[in-house]
Amino acid sequence: MQITFYIAGAIAVLSTVMVITRFNIIHALLYLVVSFLALATVFFILGAPFAAALEIIIYAGAIVVLIIFVIMMLNLKAEAVDEEKRWLTPQVWIGPAILSIILLGELIYIISSMETTGSIAQMVDAKAVGKSLYGEYILGVELSGMLLMAGIVGAYHLGRQKKKVIHRFLEDVEE
Amino acid sequence: MNEVQTVSGLLLAGILFVLGLVGVLIRRNIIFMLVSVEIMLNAAGLAFIVAGSKWAEPDGQVMFIFILTMAASEVSVGLALILQIYHQLKTLDGDAANKMRG
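Residues numbered from 1 in each chain as written. Chains lettered and ligands numbered in written order. Predicted model: local features only at pLDDT ≥ 70, side-chain atom pairs only at ≥ 80, totals over all residues. Heavy atoms only, no water.

All names here are of chain A. Helix H2 (residues 25–45) packs onto helix H1 (residues 2–21) with a crossing angle of 155 degrees between their chain directions and a minimal axis gap of 8 Å. In terms of their interaxial angle, H1 and H2 are classed as roughly antiparallel. Here H1 runs over H2; the crossing is left-handed. Residues Thr-4, Phe-5, Ala-8, Gly-9, Ile-11, Ala-12, Ser-15, Thr-16, Met-18 and Val-19 of H1 lie in contact with H2, whose contacting residues are Ala-28, Tyr-31, Leu-32, Val-34, Ser-35, Ala-38, Leu-39, Thr-41, Val-42 and Ile-45. Within the contact of H1 with H2, the residues separate by chemical class into 14 nonpolar, 6 polar and no charged. (Axes fitted to C-alpha atoms, helices over the stretch in contact; angles between N-to-C directions. Helix = DSSP H or I, 4+ residues; strand = E, 2+ residues; numbered from the N terminus. Parallel < 35°, antiparallel > 145°, perpendicular 65-115°, else oblique. Left-handed = near helix turned anticlockwise from the far one by under 90°. Contact = heavy atoms within 4.5 Å. Nonpolar A, V, L, I, M, F, W, Y, C, P; charged D, E, K, R; others polar.)

Here it is, written out as C-alpha coordinates:
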(Lines give C-alpha, C1' and ligand atoms only; values in the text may rest on other atoms or scores of the structure.)
Protein backbone atom coordinates (compact mmCIF):
# COMPACT_ATOMS: atom_id res chain seq x y z
CA MET A 1 0.00 0.00 0.00
CA GLN A 2 2.79 2.38 0.95
CA ILE A 3 4.78 1.89 -2.25
CA THR A 4 1.73 2.40 -4.47
CA PHE A 5 1.10 5.70 -2.69
CA TYR A 6 4.60 6.95 -3.46
CA ILE A 7 4.48 5.79 -7.09
CA ALA A 8 1.13 7.51 -7.69
CA GLY A 9 2.37 10.68 -5.97
CA ALA A 10 5.54 10.71 -8.07
CA ILE A 11 3.48 10.29 -11.26
CA ALA A 12 1.20 13.16 -10.19
CA VAL A 13 4.15 15.48 -9.55
CA LEU A 14 5.97 14.53 -12.78
CA SER A 15 2.92 14.95 -14.98
CA THR A 16 2.07 18.29 -13.35
CA VAL A 17 5.61 19.49 -14.11
CA MET A 18 5.04 18.41 -17.71
CA VAL A 19 1.73 20.34 -17.76
CA ILE A 20 3.28 23.67 -16.87
CA THR A 21 6.25 23.30 -19.22
CA ARG A 22 4.56 22.18 -22.47
CA PHE A 23 4.31 24.51 -25.46
CA ASN A 24 1.41 22.71 -27.11
CA ILE A 25 -1.72 23.07 -25.04
CA ILE A 26 -3.27 19.75 -26.10
CA HIS A 27 -0.15 17.89 -24.92
CA ALA A 28 -0.41 19.78 -21.62
CA LEU A 29 -4.03 18.70 -21.24
CA LEU A 30 -3.11 15.05 -21.83
CA TYR A 31 -0.54 15.28 -19.02
CA LEU A 32 -3.19 17.02 -16.89
CA VAL A 33 -5.48 14.00 -17.33
CA VAL A 34 -2.63 11.70 -16.24
CA SER A 35 -2.06 13.91 -13.19
CA PHE A 36 -5.74 13.72 -12.24
CA LEU A 37 -5.79 9.94 -12.65
CA ALA A 38 -2.71 9.61 -10.42
CA LEU A 39 -4.35 11.82 -7.80
CA ALA A 40 -7.48 9.67 -7.97
CA THR A 41 -5.26 6.68 -7.18
CA VAL A 42 -3.85 8.59 -4.21
CA PHE A 43 -7.40 9.30 -3.00
CA PHE A 44 -8.27 5.63 -3.28
CA ILE A 45 -5.20 4.62 -1.28
CA LEU A 46 -6.08 7.20 1.37
CA GLY A 47 -9.45 5.49 1.81
CA ALA A 48 -11.69 7.90 -0.10
CA PRO A 49 -13.12 5.88 -3.03
CA PHE A 50 -16.05 8.27 -3.61
CA ALA A 51 -13.71 11.25 -3.98
CA ALA A 52 -11.54 9.19 -6.35
CA ALA A 53 -14.54 8.46 -8.58
CA LEU A 54 -15.56 12.13 -8.55
CA GLU A 55 -12.01 13.18 -9.41
CA ILE A 56 -12.05 11.00 -12.52
CA ILE A 57 -15.61 11.81 -13.59
CA ILE A 58 -15.62 15.57 -13.03
CA TYR A 59 -11.99 16.70 -13.25
CA ALA A 60 -10.52 14.28 -15.80
CA GLY A 61 -13.85 14.00 -17.62
CA ALA A 62 -15.95 17.15 -17.59
CA ILE A 63 -13.49 19.96 -16.91
CA VAL A 64 -10.77 18.78 -19.31
CA VAL A 65 -13.36 18.16 -22.04
CA LEU A 66 -14.71 21.68 -21.47
CA ILE A 67 -11.23 23.17 -21.93
CA ILE A 68 -10.67 21.08 -25.07
CA PHE A 69 -13.98 22.31 -26.52
CA VAL A 70 -12.94 25.92 -25.97
CA ILE A 71 -9.54 25.29 -27.61
CA MET A 72 -11.35 23.78 -30.60
CA MET A 73 -13.63 26.84 -30.77
CA LEU A 74 -10.61 29.16 -30.72
CA ASN A 75 -9.18 27.32 -33.76
CA LEU A 76 -5.51 27.95 -32.95
CA LYS A 77 -2.94 27.63 -35.72
CA ALA A 78 0.51 26.06 -35.67
CA GLU A 79 2.06 29.49 -34.98
CA ALA A 80 0.57 29.38 -31.49
CA VAL A 81 3.25 26.86 -30.44
CA ASP A 82 6.07 29.12 -31.67
CA GLU A 83 4.42 32.03 -29.89
CA GLU A 84 4.42 30.00 -26.66
CA LYS A 85 8.14 29.27 -27.17
CA ARG A 86 8.85 32.97 -27.46
CA TRP A 87 6.79 33.74 -24.35
CA LEU A 88 8.42 31.14 -22.12
CA THR A 89 12.05 32.29 -21.99
CA PRO A 90 14.29 31.49 -18.98
CA GLN A 91 14.56 35.15 -17.94
CA VAL A 92 10.79 35.16 -17.53
CA TRP A 93 10.38 32.01 -15.48
CA ILE A 94 13.55 31.83 -13.38
CA GLY A 95 12.59 34.48 -10.81
CA PRO A 96 9.07 33.29 -9.92
CA ALA A 97 10.25 29.67 -9.99
CA ILE A 98 13.04 30.33 -7.45
CA LEU A 99 10.71 32.24 -5.13
CA SER A 100 8.10 29.47 -5.33
CA ILE A 101 10.74 26.82 -4.63
CA ILE A 102 11.73 28.73 -1.47
CA LEU A 103 8.04 28.72 -0.50
CA LEU A 104 7.91 24.97 -1.14
CA GLY A 105 10.97 24.46 1.08
CA GLU A 106 9.21 26.30 3.92
CA LEU A 107 6.06 24.21 3.40
CA ILE A 108 8.07 20.97 3.50
CA TYR A 109 9.91 22.12 6.66
CA ILE A 110 6.64 23.03 8.43
CA ILE A 111 4.83 19.83 7.47
CA SER A 112 7.70 17.49 8.32
CA SER A 113 8.38 19.14 11.67
CA MET A 114 4.70 18.87 12.54
CA GLU A 115 3.87 16.59 15.45
CA THR A 116 1.26 14.07 14.45
CA THR A 117 -0.57 11.69 16.68
CA GLY A 118 -1.35 8.15 15.65
CA SER A 119 -4.53 7.46 13.71
CA ILE A 120 -6.56 4.60 12.36
CA ALA A 121 -6.48 3.67 8.68
CA GLN A 122 -10.09 3.30 7.74
CA MET A 123 -12.15 3.44 4.57
CA VAL A 124 -14.76 6.22 4.48
CA ASP A 125 -17.30 5.02 1.93
CA ALA A 126 -19.86 6.91 -0.14
CA LYS A 127 -22.64 6.16 2.33
CA ALA A 128 -20.94 8.05 5.16
CA VAL A 129 -20.14 10.93 2.82
CA GLY A 130 -23.75 11.10 1.63
CA LYS A 131 -25.11 11.05 5.19
CA SER A 132 -22.78 13.86 6.17
CA LEU A 133 -23.46 15.81 2.96
CA TYR A 134 -27.25 15.72 3.34
CA GLY A 135 -27.20 15.95 7.13
CA GLU A 136 -24.98 18.57 8.69
CA TYR A 137 -23.77 20.10 5.41
CA ILE A 138 -27.18 20.53 3.72
CA LEU A 139 -26.79 24.32 3.72
CA GLY A 140 -23.51 23.97 1.85
CA VAL A 141 -25.16 21.72 -0.74
CA GLU A 142 -27.87 24.32 -1.36
CA LEU A 143 -25.31 27.10 -1.59
CA SER A 144 -23.21 25.15 -4.10
CA GLY A 145 -26.38 24.60 -6.13
CA MET A 146 -26.82 28.37 -6.26
CA LEU A 147 -23.14 28.78 -7.16
CA LEU A 148 -23.53 26.38 -10.09
CA MET A 149 -26.63 28.28 -11.23
CA ALA A 150 -24.68 31.56 -11.07
CA GLY A 151 -21.87 29.88 -13.02
CA ILE A 152 -24.27 28.79 -15.77
CA VAL A 153 -25.87 32.24 -16.04
CA GLY A 154 -22.48 33.96 -15.96
CA ALA A 155 -20.97 31.68 -18.60
CA TYR A 156 -23.99 32.18 -20.87
CA HIS A 157 -23.91 35.93 -20.43
CA LEU A 158 -20.16 36.27 -20.98
CA GLY A 159 -19.97 33.78 -23.82
CA ARG A 160 -22.74 35.34 -25.89
CA GLN A 161 -21.61 36.84 -29.18
CA LYS A 162 -22.92 40.23 -30.27
CA LYS A 163 -25.30 39.90 -33.23
CA LYS A 164 -24.16 41.37 -36.53
CA VAL A 165 -26.71 43.95 -37.71
CA ILE A 166 -27.00 43.97 -41.49
CA HIS A 167 -29.46 46.79 -42.10
CA ARG A 168 -28.10 50.32 -41.62
CA PHE A 169 -31.35 51.58 -40.06
CA LEU A 170 -31.10 48.93 -37.39
CA GLU A 171 -27.54 49.77 -36.26
CA ASP A 172 -28.69 51.76 -33.22
CA VAL A 173 -30.74 48.96 -31.74
CA GLU A 174 -27.75 46.59 -31.58
CA GLU A 175 -28.08 44.73 -28.23
CA MET B 1 2.80 3.57 8.82
CA ASN B 2 -0.34 5.61 8.39
CA GLU B 3 1.29 8.60 10.03
CA VAL B 4 3.95 8.63 7.32
CA GLN B 5 1.17 8.58 4.76
CA THR B 6 -0.47 11.64 6.32
CA VAL B 7 2.75 13.63 6.24
CA SER B 8 3.67 12.57 2.72
CA GLY B 9 0.10 13.24 1.51
CA LEU B 10 0.31 16.79 2.84
CA LEU B 11 3.76 17.13 1.23
CA LEU B 12 2.32 15.98 -2.09
CA ALA B 13 -0.45 18.57 -1.75
CA GLY B 14 2.14 21.27 -1.03
CA ILE B 15 4.30 20.28 -4.02
CA LEU B 16 1.30 20.28 -6.38
CA PHE B 17 0.11 23.63 -5.04
CA VAL B 18 3.53 25.21 -5.61
CA LEU B 19 3.67 23.74 -9.13
CA GLY B 20 0.29 25.33 -9.89
CA LEU B 21 1.54 28.63 -8.46
CA VAL B 22 4.65 28.46 -10.67
CA GLY B 23 2.37 27.80 -13.65
CA VAL B 24 0.25 30.86 -12.92
CA LEU B 25 3.33 33.04 -12.48
CA ILE B 26 5.43 31.99 -15.49
CA ARG B 27 2.90 31.40 -18.28
CA ARG B 28 1.48 34.21 -20.42
CA ASN B 29 -1.16 32.09 -22.17
CA ILE B 30 -4.41 32.58 -20.26
CA ILE B 31 -5.59 29.01 -20.89
CA PHE B 32 -2.42 27.73 -19.17
CA MET B 33 -3.05 30.12 -16.29
CA LEU B 34 -6.59 28.73 -15.89
CA VAL B 35 -5.27 25.14 -15.95
CA SER B 36 -2.69 26.04 -13.28
CA VAL B 37 -5.46 27.46 -11.08
CA GLU B 38 -7.23 24.11 -11.49
CA ILE B 39 -4.05 22.34 -10.33
CA MET B 40 -3.91 24.56 -7.23
CA LEU B 41 -7.58 23.88 -6.38
CA ASN B 42 -6.96 20.17 -6.83
CA ALA B 43 -4.00 20.32 -4.43
CA ALA B 44 -6.20 22.04 -1.83
CA GLY B 45 -8.75 19.24 -2.28
CA LEU B 46 -5.98 16.67 -1.76
CA ALA B 47 -5.06 18.32 1.54
CA PHE B 48 -8.70 18.04 2.67
CA ILE B 49 -8.83 14.36 1.66
CA VAL B 50 -5.62 13.62 3.57
CA ALA B 51 -6.97 15.31 6.69
CA GLY B 52 -10.29 13.48 6.38
CA SER B 53 -8.47 10.17 5.98
CA LYS B 54 -6.32 10.86 9.04
CA TRP B 55 -9.36 11.25 11.32
CA ALA B 56 -11.46 8.70 9.37
CA GLU B 57 -14.27 11.25 9.03
CA PRO B 58 -16.34 12.03 5.92
CA ASP B 59 -15.94 15.82 6.34
CA GLY B 60 -12.78 15.92 4.22
CA GLN B 61 -14.55 14.34 1.27
CA VAL B 62 -17.52 16.70 1.73
CA MET B 63 -15.17 19.67 1.51
CA PHE B 64 -13.56 18.10 -1.58
CA ILE B 65 -16.98 17.93 -3.21
CA PHE B 66 -17.54 21.63 -2.47
CA ILE B 67 -14.14 22.49 -3.95
CA LEU B 68 -15.05 20.41 -7.02
CA THR B 69 -18.31 22.36 -7.43
CA MET B 70 -16.48 25.64 -7.14
CA ALA B 71 -13.82 24.55 -9.63
CA ALA B 72 -16.47 23.51 -12.15
CA SER B 73 -18.31 26.83 -12.05
CA GLU B 74 -15.02 28.75 -11.98
CA VAL B 75 -13.70 27.00 -15.08
CA SER B 76 -16.93 27.59 -17.03
CA VAL B 77 -16.96 31.32 -16.27
CA GLY B 78 -13.21 31.54 -16.88
CA LEU B 79 -13.48 29.86 -20.28
CA ALA B 80 -16.31 32.22 -21.27
CA LEU B 81 -14.04 35.13 -20.32
CA ILE B 82 -11.19 33.60 -22.38
CA LEU B 83 -13.50 33.32 -25.40
CA GLN B 84 -14.47 36.98 -25.04
CA ILE B 85 -10.84 38.12 -24.65
CA TYR B 86 -9.83 36.09 -27.73
CA HIS B 87 -12.63 37.60 -29.81
CA GLN B 88 -11.84 41.14 -28.67
CA LEU B 89 -8.04 41.06 -28.81
CA LYS B 90 -7.35 38.16 -31.26
CA THR B 91 -4.67 36.75 -28.95
CA LEU B 92 -4.34 34.52 -25.88
CA ASP B 93 -1.65 36.74 -24.35
CA GLY B 94 -2.66 37.64 -20.80
CA ASP B 95 -0.51 40.78 -20.97
CA ALA B 96 -2.52 42.09 -23.94
CA ALA B 97 -5.53 42.81 -21.74
CA ASN B 98 -4.01 45.96 -20.22
CA LYS B 99 -6.41 48.65 -21.40
CA MET B 100 -7.07 49.65 -17.80
CA ARG B 101 -3.27 50.21 -17.34
CA GLY B 102 -3.20 48.02 -14.27
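From this point, the narrative continues.
Okay, helix H3 (residues 49–74) of chain A next. Look at H3 of chain A: 36 Å from first C-alpha to last across 26 residues, which is about the 38 Å you get at 1.5 Å a residue. Remark: the principal bend of H3 of chain A, roughly 25 degrees, maps to Glu-55 of chain A. Taken together, the buried positions of H3 of chain A are occupied by Ala-51, Ala-52, Leu-54, Glu-55, Tyr-59, Ala-60, Ile-63, Val-64, Ile-67, Val-70, Ile-71 and Leu-74 of chain A. Buried residues along H3 of chain A sit against H2 of chain A together with helix H2 (30–55) and helix H3 (59–89) of chain B. Downstream of H3 of chain A by one or two residues, Asn-75 of chain A has phi in the positive range, about 55 degrees. (Expected span 1.5 Å × (residues − 1). Bend = angle between axes of the 7 residues up to and from the residue. Buried < 20%, exposed > 50% of the residue type's maximum accessible area, 1.4 Å probe, protein only.)

All right, on to H2 of chain A then. Residue and element names in this part refer to chain A. Helix length check: H2 (21 residues) gives 30 Å between terminal C-alpha atoms against 30 Å at 1.5 Å per residue, within 8%. Along H2, the positions that sit buried rather than exposed are Ile-25, Ala-28, Leu-29, Leu-32, Ser-35, Phe-36, Ala-38, Leu-39, Ala-40, Val-42, Phe-43 and Ile-45. Sitting at the head of H2, Asn-24 places a side-chain oxygen 3.1 Å from the backbone nitrogen of Ile-26. Where H2 ends, the next residue or the one after it, Gly-47, has phi of about 85 degrees, a positive value. (Polar contact = N/O pair within 3.5 Å; in protein donor to acceptor, adjacent residues only side chain to side chain.)

Right, let's talk about the packing of aromatic side chains for a bit. Applying the stated criterion across every chain, the model contains 4 aromatic pairs over all chains. Between Phe-43 of chain A and Phe-64 of chain B, the aromatic rings sit 5.1 Å apart at their centres with planes inclined by 80 degrees, giving edge-to-face as the arrangement. With one member in each of two chains, Phe-43 of chain A in helix H2 and Phe-64 of chain B in helix H3 form a pair that bridges those chains. Here Phe-43 of chain A falls in the buried class, since its relative accessible area comes to 0%. With a relative accessible area of 1%, Phe-64 of chain B lands in the buried category. Seen in terms of ring centroids, Tyr-137 of chain A and Phe-66 of chain B are 6.3 Å apart; in terms of plane orientation they differ by 70 degrees. Their pairing is edge-to-face. In this pair, Tyr-137 of chain A is assigned in the loop between helix H6 (126–133) and helix H7 (138–159) and Phe-66 of chain B in helix H3, connecting two distinct chains. Lying over the aromatic face of Phe-32 of chain B, Arg-27 of chain B brings its terminal NZ or CZ to 3.8 Å of the ring centre. Sitting over the ring of Trp-55 of chain B, Lys-54 of chain B keeps its end group 5.0 Å from the ring centre. (Phe/Tyr/Trp six-rings, centres within 6.5 Å; stacked < 30°, edge-to-face > 60°. Lys NZ or Arg CZ within 6 Å of the ring centre and 35° of its normal.)

By convention, interface size is frequently given as the accessible area that disappears when the constituent parts associate. Taken together, the contacts link 80 residues of chain A with 68 residues of chain B. Around 6900 Å² of area is buried between chain A and chain B when both sides are counted, 76% of it from carbon and sulfur atoms. Counting the surface chain A buries against chain B, the share from its top three residues, Ile-20, Leu-46 and Trp-87 of chain A, is 10%. Counting across the chain A and chain B interface gives 1 salt bridge. Between Glu-84 of chain A and Arg-27 of chain B there is a salt bridge, with its nearest N and O atoms 2.5 Å apart. Top element by residues in the side of chain A that touches chain B is H3 of chain A. It accounts for 13 residues. Of the residues belonging to the side of chain A that touches chain B, the class tally is 57 nonpolar, 19 polar and 4 charged. (Buried area = accessible area lost by both parts, 1.4 Å probe. Salt bridge = Lys/Arg side-chain N within 4 Å of Asp/Glu carboxyl O.)

On to the pattern of salt bridges, then. Here the idea is simple: oppositely charged side chains can pair when their charged atoms come close. All names here are of chain B. Under the counting rule described, the total for this entry stands at 3 salt bridges over all chains. Between Asp-93 and Arg-28 there is a salt bridge, with the nearest N and O atoms lying 2.6 Å from each other. A residue pair is termed long-range when its members are at least 10 positions apart, and Asp-93 in the segment after H3 and Arg-28 in the loop between helix H1 (2–26) and H2 qualify at 65 residues. Residue Asp-93 is classed as buried on the basis of its relative accessible area of 9%. With relative accessibility at 27%, the residue Arg-28 sits in the partly exposed group. Through salt bridges that share partners, Arg-28, Asp-93 and Asp-95 make up one connected network.

Chain-level statistics for chain A give a pLDDT mean of 85 and a share of 87% at 70 or above. The weakest mean pLDDT in chain A belongs to helix H4 (residues 79–87) of chain A at 81; the strongest belongs to H7 of chain A at 93. (pLDDT = per-residue confidence, 0-100.)

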